[in-house]
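# Structural overview
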Amino acid sequence: LNAADFPYKPFVMIAIAAIALVAIAAYATQLGFHERMARFGLALILGGAFGNLIDRAIAGYVVDFVDVYWGSTHFWAFNVADSAITVGAILVLLDMIGIGRRHASNPV
């Protein structure tokens, strides 16, 4: 919503981010101890989202300072918090499809 301009935009964006943080934290409390990959992924997502929320609350915007080029190809600009969110989302998705889970050798 960078291009959108509407009244109270900073407050609306902060409120949406805060609600998302609470929802993700509530979901994280529902995970079992054995779901370590998902818990670690959610921790990365929460940390990254909280970092971006702090930037947005203090500066009014999120500072993207990593700008990557590969030859003549230019990738998106991002920051460490964005990277944490992306890696965390990948870990949660991997856990959802069963990669990284330990299964009992002798099921009951």
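So, here is what we can say about the structure in this document. (Residues numbered from 1 in each chain as written. Predicted model: local features only at pLDDT ≥ 70, side-chain atom pairs only at ≥ 80, totals over all residues. Heavy atoms only, no water.)

### With respect to helix H2 (residues 36-59)
Taking 1.5 Å as the rise per residue, H2 with 24 residues should run 34 Å; its terminal C-alpha atoms sit 34 Å apart, in good agreement. Within H2 the residues assigned to the buried category are Ala 38, Gly 41, Leu 42, Ile 45, Gly 48, Asn 52 and Leu 53. If you follow the buried residues of H2, they end up packed against helix H1 (9-29) and helix H3 (80-96). Directly after H2, the chain includes Gly 60, whose backbone phi takes a positive value near 90°. (Helix = DSSP H or I, 4+ residues; strand = E, 2+ residues; numbered from the N terminus. Expected span 1.5 Å × (residues − 1). Buried < 20%, exposed > 50% of the residue type's maximum accessible area, 1.4 Å probe, protein only. Contact = heavy atoms within 4.5 Å.)

### So, the packing of aromatic side chains
Applying the stated criterion across every chain yields a total of 1 aromatic pair. Here Tyr 8 and Phe 11 contribute two aromatic rings whose centre-to-centre distance is 6.5 Å and whose plane-to-plane angle is 50°, an arrangement assigned as tilted. Comparing Tyr 8 with Phe 11, the two get one shared label, exposed. (Phe/Tyr/Trp six-rings, centres within 6.5 Å; stacked < 30°, edge-to-face > 60°.)

### Quick word on the pairing of strand S1 (residues 66-70)
Where a strand is regular, its side chains alternate between the two sheet faces. Both S1 and strand S2 (residues 73-78) contribute to a ladder of 4 bridges, which runs antiparallel. Note that in S2 the partner of Tyr 69 across the bridge is His 74. With antiparallel pairing between neighbouring strands as the criterion, S1 and S2 make up a hairpin whose turn holds 2 residues, including Gly 71 at a positive phi of roughly 65°. (Pairing = 2+ DSSP bridges.)

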